[in-house]
Every structure is written in C-alpha cells, then in structure tokens.
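# Per-entry structural report
One-letter residues, chain by chain:
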Amino acid sequence: MEKLLIRGGRPLRGTVAISGAKNSAVALLPASILAESEVVLDNLPHLSDVAVYCELLEELGASVQWTGDTIRIDPSALRSKPMPNGKVKLLRASYYLMGALLGRFGEATIGLPGGCNFEPRPIDQHIKGFEALGATVRNDHGSVHISAKKLKGAKIYLDVASVGATINIMLAASRAEGATIIENAAKEPEIIDVATLLNAMGVKIKGAGTETIRIEGVESLHGCRHSIIPDRIQAGTYMIAAAATGGDVLIDNIIPKHLEAVTAKLREMGVNVEEFDESIRIVGAPEYSAVDVKALAYPGFATDLQSPMTSLLTQAKGVSLLSDYVYSNRFKHVPELMRMGANIRVEGRTAIIEGGRLNAAKVRAADLRAGASLVVAGLAVEDGVTEVSGVEFIDRGYDNLVDNLRLLGAEVWRDSD
Ligand SMILES: CC(=O)N[C@H]1[C@@H](OP(=O)(O)OP(=O)(O)OC[C@H]2O[C@@H](n3ccc(=O)[nH]c3=O)[C@H](O)[C@@H]2O)O[C@H](CO)[C@@H](O)[C@@H]1O
Ligand SMILES: C=C(OP(=O)(O)O)C(=O)O
C-alpha cells in the first residue's frame, strides 16, 4: 500500500492553482447522462473518484473521452442497467445515478453508496423526493430499485438541507412533467453548478443557491459545454496548510466568496489573508490565537474542512472548540493527531483542542479529509518525517497533491510498503 512521507518544518511558499471541484464533478458527470447528445465538461479534476465515475458511465454504455482537464461524454447509446454491486459501492456520489437514470429512463437499480464512511449517511430525503415525483422505491438486499411510469412535478420540503438530496431531486425533476419546488434546499455552490449545467441542457431552474429551488421539467435535454467550478475544499486545505507552516502562498484559480467562512476564521486567528478576484494570499504569523469553529451547511464553515482545521488549531495558543453540526462524529483524524502529540478531547460533536507542539509519527488516514488533516499536521511538525498511510482516501479528493506541495517547497514524497 502507498504512503505519504512528509518532512515538516518548511514554510510553504509560492502559488498553487486549484483544480475543478470534486463534489461538483461527481454530480455533473451523472447529470450529463440526462442529455440526448454530447456534453463537454472543462476544468475536470484528476481524482480517483472522477475516474471511477467515468467507468460507471462507460458500464452504462456512454462514450467517455477524457483528455487533459476536459471530458466529452456522449450518452446517446446509454441504457438503464441494474448496478447493484461493483463500482457504485466505491463512491458516495454514485447515488446521483438514481436521480439521473430515473429522469432519463423512468427506472434505476443502484447499490447503496460507499464513499468516506465517517458515520451513517442516510438517503431518506432523496427517496422522499423521488416518491413525491411519483416513483415507487424498494429497498432490496442493499440495493435501491426506483421506477416511475411518469414523473410529475411536486412540492418537496426537505427535513434537512441535504446537498445530495437537493441534487438528486433536481436531476429527476428535470424530466418530470410540470414544476417541482424544493423547499429547505441546500445552498452549496455545487448546487448552483449543477443547476447551471442543467439549464444549459435546456431545463428551467430558478433559485439554485437559495432555500427554494424551482425546476421546470422538459421532454428532452440537449448537449452543451460547461466549466466546473473551482474546488473550495482543496483551496481551503491549502489556505490552512499555508497558515500552519507560517508560509506565504497564493491560492489561485478560485472563487474567494466560496471561502468566506475560512477567510474569516483564519483572520480571527491572526493569519494575514488578502483576497483578489480569483485568488487568495495567505501569509502566516509567528503566533495564532485559539478560536471556536462551527462546521455548518454553506455559507457556514464546511464540514469537509473541519479536519484540516483541527490540525491548524493545534498550532494556536490556548484552547479552541471545534463543533461539527453536519456530521456529529467526523473525528477519525483526532486519535491520529494525538499520536503526533496533539492535546485533543472529543465531547459529543465538539473537539476541544489545546495548542501545543506536534511531533512526527506514523499515522493512518481513515477517510479523505482525515487524510488532509494528517498532511497539514505533518507539514506543521517542526522536524522529522511523518508517515501517512491510507493515501487512497486522499487521492479521492486532492488533485496532484504531492507535486503541488513540492512546488510550494514542501519535502513530500510517495512510497510503498
Ligand atoms: C450540508 C453539508 O455540509 N453537506 C456536505 C456533505 O454532503 P452529503 O451529501 O454527504 O450530506 P448532505 O448534505 O446530503 O447531508 C447533510 C446532513 O443531512 C443528513 N441527511 C442527508 C440526506 C438524507 O437523506 N438524510 C439525512 O438525514 C446527513 O446525515 C447530514 O447530517 O458532505 C459532503 C462530503 O463531505 C460535502 O461536500 C457537503 O457539502
Ligand atoms: C467525504 C467526502 O466525500 P464523499 O461525500 O464523496 O465521501 C468529502 O468530499 O469530504
């Protein structure tokens, strides 16, 4: 198995260009199969999740050509086929095939999704949405069968503002007769990205990015070209890593507005953050103040960034409180950070972090963002080599991580056991 080796104690310096967003890409790829002709996506990130998604689309009969950062998906020969097992289990976002296949063919059989298993990730709100549109849903031996003779627009109130449920309902509703209104919809930038693609394919969606989304379904969707938004989670991770190493880094090719919660927290800690049109510069300081962080739905501080933020807070003076209100138990990075000398106690959904020195150690990433947290910690260690195993999780969501960090002056390399 591969591992990352990181010799700490080097401030990151230079410029890093951020790729397209994983959490958009894994929704836009299944959205593309709603079209009758070719969809071209630019700014596609090079990630294992994206590669697996392409294989899933090929399994369904789509033609997929991926060159550089651009992908061409021709779904004209695509057929609905049961996918109870196999690659669907490797991804959380394979559940978007439910909405996309239901919309296009009126039926879908998809194995319950995988992805990072930090705690149960229910899909009851997705199912409630499909049923409201007129579908019958059956759960059978770990697969979900969904079918509908005809999808009809409906008003759907989500009990929780779920990103996954909002997108899945948008996908199915794009082919429903009449208007669908989602109330208490999630407002994440990735939802706007999916709505932008669907609108370019001919659907009429209004209100994406607000809590009420209206989708006017159409009889057929056509191909189009779309550029994927920048990855705010990768960007936030580099912002945090730059601060943790006392570095000076320009994070480029981003939408600074998507990172306001991170910018505000870093400033509160004493990090110097300068915002430009498409980039943010982070200049570290010799000492940081402890702060309290609450991970919330967008525009709150992203749950995906709370693990890397935990590592930075170990470098602050005093006691910080970090609570996750999206996933109450997303703390698999904490025992590993403790191996590195961090002083952290978890009580309920809150990590209580007392600042102090980190030491190099052998640690294991139990999920994607836990991995990012350990990389940040390894970079922040004053001296010594940290070994991070579980690299396959990190590869799910960080494009070109080792080369990017090396360009910023870090001493990082991959090795295998
Ligand atoms: C709101 C939020 O920050 N969502 C994040 C969440 O999305 P992800 O798609 O995993 O989660 P959702 O946004 O769908 O869910 C938000 C909350 O609603 C609950 N829930 C969800 C669906 C459902 O049918 N029933 C239900 O109870 C979840 O358990 C969670 O507590 O993780 C992704 C990967 O880490 C991030 O990219 C998303 O930004
Ligand atoms: C956990 C994540 O991904 P997924 O929801 O695809 O498992 C993530 O992006 O942090």
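Because the structure is predicted, anything quoted here is derived from the model rather than measured. (Residues numbered from 1 in each chain as written. Chains lettered and ligands numbered in written order. Predicted model: local features only at pLDDT ≥ 70, side-chain atom pairs only at ≥ 80, totals over all residues.)

## Section: the UniProt feature "active site" (unreviewed entry) in the protein
Following the UniProt record, the feature "active site" (unreviewed entry) maps to Cys116 here. Inspection of the secondary structure puts cysteine 116 in the loop between β6 (107–111) and α4 (124–132). Judged by C-beta crowding, with 22 C-beta atoms within 10 Å, cysteine 116 ranks as buried. The residues contacting cysteine 116, other than those within four sequence positions of it, are Arg92, Asp367, Leu368 and Phe393. (UniProt positions renumbered as here; feature names shortened; annotations may be inferred. Helix = DSSP H or I, 4+ residues; strand = E, 2+ residues; numbered from the N terminus. Buried ≥ 20, exposed ≤ 12 C-beta atoms within 10 Å, placed from the backbone. Contact = placed C-beta atoms within 7 Å.)

## Quick look at the sheet that holds strand β14 (residues 248–252)
In spatial order, the strands read β2-β14-β16-β15; together these 4 strands make up an open sheet with mixed pairing. Both edges of this open sheet fall to β2 (13–17) and β15 (272–275), since each of them pairs with a single strand only. Here the strands of the sheet are splayed against their neighbours by 15° on average, with no regard to which way each runs. Helix α7 (residues 232–244) rests against β2, β14 and β16 (279–283) of the sheet, and its axis sits at about 175° to β14. (Pairing = 2+ DSSP bridges. Axes fitted to C-alpha atoms, helices over the stretch in contact; angles between N-to-C directions.)

## Let's talk about the sheet that holds strand β20 (residues 319–324)
An order of β18-β20-β22-β21 is seen for the 4 strands of this open sheet, with the pairing classed as mixed. Unpaired on one side and paired on the other, β18 (292–295) and β21 (343–347) mark the two borders of the sheet. Across the sheet, the axes of successive neighbouring strands diverge by a mean angle of 15°, strand direction being ignored. Sheet contacts for helix α9 (residues 306–313): β18, β20 and β22 (350–354); angle to β20, the most-contacted strand, approximately 175°.

## Observations concerning the pairing of strand β1 (residues 2–7)
Sheet analysis places β1 next to strand β25 (residues 411–416), joined by 6 bridges and oriented antiparallel. Looking at β25, one finds that leucine 4 is bridged to arginine 414. Note that β1 and strand β24 (residues 385–389) share 5 bridges and pair antiparallel. The partner of lysine 3 across the bridge, within β24, is serine 389.

## Details of the environment of alanine 264
Its place among the elements puts alanine 264 in helix α8 (residues 260–269). Separated by 37 residues in sequence, alanine 264 and phenylalanine 301 have C-alpha atoms that sit 9.6 Å apart.

## A short note on the UniProt feature "binding site: phosphoenolpyruvate" (unreviewed entry) in the protein
Feature annotation in UniProt places "binding site: phosphoenolpyruvate" (unreviewed entry) on Lys22 and Asn23, given in this structure's numbering. Locating lysine 22 in the fold gives a position in helix α1 (residues 22–32). We classify lysine 22 as buried; it has 26 C-beta atoms within 10 Å. Not counting residues within four places of it along the chain, the set of residues in contact with lysine 22 comprises Pro45, Leu47, Asp49, Asp231 and Gly397. If you trace the backbone, asparagine 23 turns up in helix α1.

## A look at the site of ligand 1
Lining the immediate surroundings of ligand 1 are 19 residues, of which Gln125, Ser162, Val163, Gly164 and Ala297 lie closest. Each residue belonging to the shell around ligand 1 can be placed in one class, and the counts come to 9 nonpolar, 6 polar and 4 charged. Looking at which domains feed residues into the shell around ligand 1, each of domain 1 (2–19 + 230–416) and domain 2 (22–227) supplies at least three. (Near = placed C-beta within 6 Å. Nonpolar A, V, L, I, M, F, W, Y, C, P; charged D, E, K, R; others polar. Domains from an automatic or database assignment.)

## Some remarks on the confidence of the model for the protein
On average, residues of the protein score 96 in pLDDT, and 100% of them reach the 70 mark or higher. Predicted complex metrics record ipTM = 0.97 and pTM = 0.97. (pLDDT = per-residue confidence, 0-100.)

## Here's the deal with the domain arrangement of the protein
By domain assignment, the protein separates into domain 1 (2–19 + 230–416) and domain 2 (22–227). Each of domain 1 and domain 2 has a C-alpha centre, and the two are 30 Å apart. With 18 residues of domain 1 in contact, the opposing surface of domain 2 contributes 15 residues. In terms of residue class, the side of domain 1 that touches domain 2 is made up of 5 nonpolar, 5 polar and 8 charged.

## Structural notes on the nonpolar core
Within the largest apolar cluster, 74 residues are counted, with the highest numbers of intra-cluster contacts made by Met239, Ile251 and Val376. If near-sequence neighbours (up to four positions away) are discounted, valine 376 is found in contact with Ile240, Ala241, Ala244, Pro308, Ser311 and Leu312. In this structure, Val39, Leu171, Ala173 and Ala186 belong to the second largest nonpolar core, which totals 72 residues. (Core = buried A, V, L, I, M, F, W, Y, C linked by C-beta atoms within 7 Å.)

## Considering the environment of alanine 173
Within the secondary structure, alanine 173 sits in helix α5 (residues 163–173). Judged by the 34 C-beta atoms lying within 10 Å of it, alanine 173 falls in the buried class. In this structure the C-alpha to C-alpha distance between alanine 173 and alanine 154, which are 19 residues apart in sequence, comes to 8.7 Å. Contact partners of alanine 173, with chain neighbours within four places excluded, come to Leu133, Gly153, Thr180, Ile215 and Gly217.

## Focus on the packing of α5 against helix α6 (residues 189–200)
In the contact formed by α5 and α6, the axes pass within 10 Å of each other and the chain directions differ by 10°. Between α5 and α6, the angle falls in the class roughly parallel. Between α5 and α6, the contacting residues are Val163, Thr166, Ile167 and Met170 on the first element and Glu190, Ile191, Val194, Ala195 and Leu198 on the second. Counted by class, the contact of α5 with α6 contains 7 nonpolar, 1 polar and 1 charged residues. (Parallel < 35°, antiparallel > 145°, perpendicular 65-115°, else oblique.)

## With respect to unusual backbone geometry
With omega at 10°, the peptide bond leading from tyrosine 298 into proline 299 counts as cis. As for its position among the elements, proline 299 is in the loop between β18 and α9. Within the chain, asparagine 43 stands out as a residue other than glycine whose phi angle is a positive 60°. Here asparagine 43 is to be found in the loop between β3 (39–42) and α2 (48–59). You can call asparagine 43 buried: it has 20 C-beta atoms within 10 Å. Within the chain, histidine 141 stands out as a residue other than glycine whose phi angle is a positive 45°. Tracing the backbone shows histidine 141 in the loop between β7 (136–140) and β8 (143–147). The class for histidine 141 is exposed, based on 8 C-beta atoms found within 10 Å.

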